[in-house]
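Spelled out from the first residue to the last, the chains are:
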Amino acid sequence: MFQRRVNMNVSKIKDSLIKWVKESYHIEPFEDIVTKKQVPLHKYSVWYYFGGITLFLFITQIITGILLLFYYKSTEGAAFESVKFIMTKVEFGWLIRSLHAWSANLMILTVFIHLFSTFFLRAYRPPRELTWVTGVFLFALALGTGFTGYLLPWNELSFFATKVGTQIAGSVPYIGGFLRTILRGGEEVSDATLGRFFAFHVIVLPLCIFAALGLHLAFVQLQGMSEPLSVKDNKEKKSIPFFPNFLLRDILAWMLALGVLASLAVYLPAELGKKIDPFAPTPAGIKPEWYFLWMFQALKLIPSKIFIFDGEVVGILGFGVMGLILLILPFIDFPSRKGKRNLFLTSLGVFMLIFIIVMTVWGLIDKGGHG
Amino acid sequence: MDKKSFLKHGFLISGIIFFSYPAFSAETRDTCIECHKALDDKELSAPANFSQDDVHIKIGISCADCHGGDPASDDVSVSMDPAKGFTGKPSKTEIPKFCARCHSNSDYMKRYNPNMPTDQLSKYEVSQHGKLNAQGDKKPAVCTSCHSAHNILAVDNPASPVYVSNVPNTCAKCHADKEYMKEYGIPTNQFDDYKESVHGQALLVKGDRSSPSCKNCHGNHDAGLPRAIYVGNICSQCHALTYDLFSKSPHKPAHDRMGIPECEACHGNHRIMKPSDDMLGTGRDAICVKCHSSSSKGFKTALAIKNSIEELKTDITQAKESTSKAERLGMEVEDAVFDVNEANNSLTKARAYIHSFSREQVGSIVEEGKSLTKKAKELAKKAIDNFNFRRKGYSLAILLIFIFSLALYLRIKMLEKNKGEK
């Protein structure tokens, strides 16, 4: 009797709250999207979850990043010591930093998987061109956030990797010198570089990510999930409601990601490294983070001269062109736009995927580093 | 100037230069070197083959500046004429005074090297070598025995026989030669002993030029046997703290009273080995028991000091094991490692304070070390506990994630079973 009365009261409060929100904020259009949205169910559905996992890891990044900000000091003299303080003195500081570092790496991995799965499933077909474009921007922003964050512990590895990375950026024709100076805040990697990398890492790039992510998610919600060409014409189509079915499945995937993240953070905690000595020569075997390694390794393989052109410049321009093609892909993949299969593009994608994996593994096992 | 006049003046100038050449040349020529170099007898030609690094040649001092004569003349009867100051080769016993003509003349030496001492002869005369030399003994070392007669290299030249790391070998040329030293009745094993010693290893093997060689204890020009009772003053040049402690200890008056050498009594002389803790206490290799009987106060003090040092060593080993364990687990124990290093410094200090022979003084340093090892062990334990806490926390978190995931999975299955897929 008492229980029934309590349930009735709870239900009343819930109803009046929903009524108040609906009357005050006119959320019916959003409610329709959430409640009526269906998510296709097919043999490739598993790839849908990588977008959600990426979002989960990004949220983890934001939360752990804010916590790290309580103690981190972005100056040449204090950066390394502050990270050391976080790792050794702050309660659970080691865990927060390890979660931040590992979620960054996992997020970039899931971004790669999400990008390639979207590519192979041709999910960028009309009308989802802008979803792809915002996704490519998010990919670039994630790489930029990783690059700027890597320097912040101000240890030997990060210092010299940034030195090499900004040096490569300096090879871009015409604007290279300007770009390098902008990135470094001067001629050399210094306190000024640390300051601006910090600002980019915690303010500029996250704001850009929020903007691009907002659009990306809005497009996904408004247009729904794309169906691959191979299952589009199936007669017996299956789908599940976005809310609560798909969302619950998404949360299940998040839990799996959380388990992996916690295991990595506890068993392989982020290392502090060695404090840098800016006057020391570049140590042997300096490499960028793994997600830049395939480009770094490929640049090392390009001959120093290609006809009359500088090999490194040709390589950098090549990567630039690849990035541009990636960005405008939905607009130039004409067969897919017409709903036809594009075997050439699939082959090219497979080749690129193998190339990236081989180059990354080669870069990891290559002891030469920056030569 | 016309062409004829130009030729006339040209011939005149050339003629002056040509005919004045022998006179000009005679000033720069050194017939001593020219003639001696050409001699077949190697003993006579060798002195003329000067090294470019010879200290005298470098500053323009030639044969005649030491041996006299006229180096400008090609005629032997003129160039080696005693009337022209030619003295010839000095006998071995004459050499110290021969060199001292310049080297004891401070006015003269200031021209070349104002910082160079000029007391070598006066020191030599009081040295063991000098005393025997004065008695007409030709075997003891004179200047040339160590510095060589010609091709004299600066003392900071690594090729010089008197360069710091070459000194032991230079002394050993005579002092390790049993046959040569036979008549003096002194041992000839000093060099062999020195080579094995901590000092010899540092200087000859590791190249540590701050390590003492023969001259640091025996002197160089005034080389002699240090009086055993003053040995401590020699060692204290480097081992200041230990000697200071010794001087204030009850051992000092006892050694003085009994005429026992100070440092040498325990550490030896040429064969000074790296001291070990076994030298301390009452064990088989302990030195203390050589003088102190088991009923003496010194015996008890030695035992107490030895025990306290051993306790600190045990504590340091345990602290190191704890910190290493924490490090192997991937924990940050920098502060604990620092404390262990500081405890090691305390151990080193305590070992030095053994020379106070005071159990209180050694004990207080040992206590400092022990408090550091205690702190290090606590920090290491905290790190290991923290590691275990992390593992437990991780297990709990994974369990919660699993339970939540299982609940989610069941909820999803239930939802899809109830509503069915479209």
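Residues numbered from 1 in each chain as written. Chains lettered and ligands numbered in written order. Predicted model: local features only at pLDDT ≥ 70, side-chain atom pairs only at ≥ 80, totals over all residues. Heavy atoms only, no water.

(A) Main features of the overall build of chain B. For chain B, the helix and strand inventory stands at 23 helices and zero strands. Taking contacts inside chain B between residues at least 6 apart in sequence as the whole, the part at least 24 apart equals 56%. Total accessible area on chain B stands at roughly 26,600 Å², and carbon and sulfur atoms take up 58% of it. (Helix = DSSP H or I, 4+ residues; strand = E, 2+ residues; numbered from the N terminus. Contact = heavy atoms within 4.5 Å. Areas by Shrake-Rupley, 256 points an atom, 1.4 Å probe, with all protein chains shown as cover.)

(B) Up close: unusual backbone geometry. Geometrically, the link from Pro126 of chain A to Pro127 of chain A is a cis peptide bond, its omega value of 10° lying close to zero. Within the secondary structure, Pro127 of chain A sits in the loop between helix 5 (93–120) and helix 6 (129–151). For the bond from Phe243 of chain A to Pro244 of chain A, the omega torsion is 5°, close enough to zero to count as cis. In this structure, Pro244 of chain A sits in helix 11 (residues 242–267). One non-glycine residue with positive phi stands out, namely Asn151 of chain B, at about 55°. Structurally, Asn151 of chain B is set in the loop between helix 11 (143–147) and helix 12 (167–175). By relative accessible area, which is 30% here, Asn151 of chain B ends up partly exposed. (Buried < 20%, exposed > 50% of the residue type's maximum accessible area, 1.4 Å probe, protein only.)

(C) Quick peek at helix 1 (residues 2–25) of chain A. Across its 24 residues, helix 1 of chain A extends 35 Å between first and last C-alpha, which sits within 8% of the 34 Å expected from 1.5 Å per residue. Just beyond helix 1 of chain A, the residue with positive phi is His26 of chain A, at close to 50°. (Expected span 1.5 Å × (residues − 1).)

(D) Summary view of the side chain of Ser346 of chain B. Relative to the elements of secondary structure, Ser346 of chain B occurs in helix 22 (residues 334–353). Residue contacts for Ser346 of chain B: discarding those within four places in its chain leaves Leu312, Ile365, Glu368, Gly369 and Leu372 of chain B.

(E) View of the nonpolar core. Judged by nonpolar contacts, the single largest core of 69 residues is most densely connected at Val39, Leu57, Tyr72, Phe112, Trp154, Leu194 and Phe246 of chain A. Those residues within four positions of Trp154 of chain A in sequence are excluded, and the remaining contacts are Glu76, Ala79, Phe80, Phe159, Val189, Ser190, Asp191, Leu194 and Ile276 of chain A. (Core = buried A, V, L, I, M, F, W, Y, C linked by side-chain atoms within 4.5 Å.)

(F) Expanded view of the packing of aromatic side chains. All names here are of chain A. A complete count under the given rule lists 27 aromatic pairs over all chains for this structure. For the ring pair Phe147 and Phe292, a centre distance of 5.8 Å and an interplane angle of 80° mean the geometry is edge-to-face. You can see Phe147 sitting in helix 6 and its partner Phe292 sitting in helix 12 (residues 290–301), a full 145 residues away along the chain. Centroid distance Trp294 to Phe319: 5.4 Å. Interplanar angle 85°. Geometry classified as edge-to-face. (Phe/Tyr/Trp six-rings, centres within 6.5 Å; stacked < 30°, edge-to-face > 60°.)

(G) Focus on helix 12 of chain B. The set of residues buried in helix 12 of chain B consists of Val167, Pro168, Thr170 and Ala172 of chain B. Summarising the contacts, the buried residues of helix 12 of chain B are in contact with helix 11, helix 14 (190–196), helix 15 (198–205) and helix 16 (214–218) of chain B.

(H) Representation of the packing of helix 3 (residues 49–69) of chain A against helix 5 of chain A in the model. Residue and element names in this part refer to chain A. Running from N to C, helix 3 and helix 5 point in directions that differ by 155°, and their axes come no closer than 8 Å. In terms of axis orientation, helix 3 runs roughly antiparallel to helix 5. Viewed along their axes, helix 3 and helix 5 form a crossing whose handedness is left-handed. Of helix 5, the residues touching helix 3 (which contributes Phe50, Gly51, Ile53, Thr54, Leu57, Phe58, Thr60, Gln61, Thr64, Gly65, Leu67 and Leu68) are Ile96, Arg97, Leu99, His100, Ser103, Ala104, Leu106, Met107, Thr110, Val111, Ile113 and His114. Residue composition of the contact of helix 3 with helix 5, grouped by class: 13 nonpolar, ten polar and one charged. (Axes fitted to C-alpha atoms, helices over the stretch in contact; angles between N-to-C directions. Parallel < 35°, antiparallel > 145°, perpendicular 65-115°, else oblique. Left-handed = near helix turned anticlockwise from the far one by under 90°. Nonpolar A, V, L, I, M, F, W, Y, C, P; charged D, E, K, R; others polar.)

(I) Representation of the interface of chain B and chain A in the model. Opposite the 19 residues of chain B that make contact, chain A presents 24 residues. Both faces combined, the contact of chain B with chain A buries some 2,100 Å², and carbon together with sulfur accounts for 65% of it. Put simply, chain B and chain A have three salt bridges between them. With a closest N to O distance of 2.6 Å, Glu334 of chain B and Lys84 of chain A form a salt bridge. There are four residue pairs in polar contact (both at pLDDT 80 or more) connecting chain B and chain A. Contributions of two or more residues to the side of chain B that touches chain A are made by helix 22 and helix 23 (359–419) of chain B. (Buried area = accessible area lost by both parts, 1.4 Å probe. Salt bridge = Lys/Arg side-chain N within 4 Å of Asp/Glu carboxyl O. Polar contact = N/O pair within 3.5 Å; in protein donor to acceptor, adjacent residues only side chain to side chain.)

(J) Geometry of the confidence of the model for chain A. Within chain A, residue pLDDT values average 91, and 99% of them lie at 70 or more. Within chain A, helix 3 of chain A carries the highest mean pLDDT (97), whereas helix 2 (residues 28–36) of chain A carries the lowest (79). (pLDDT = per-residue confidence, 0-100.)

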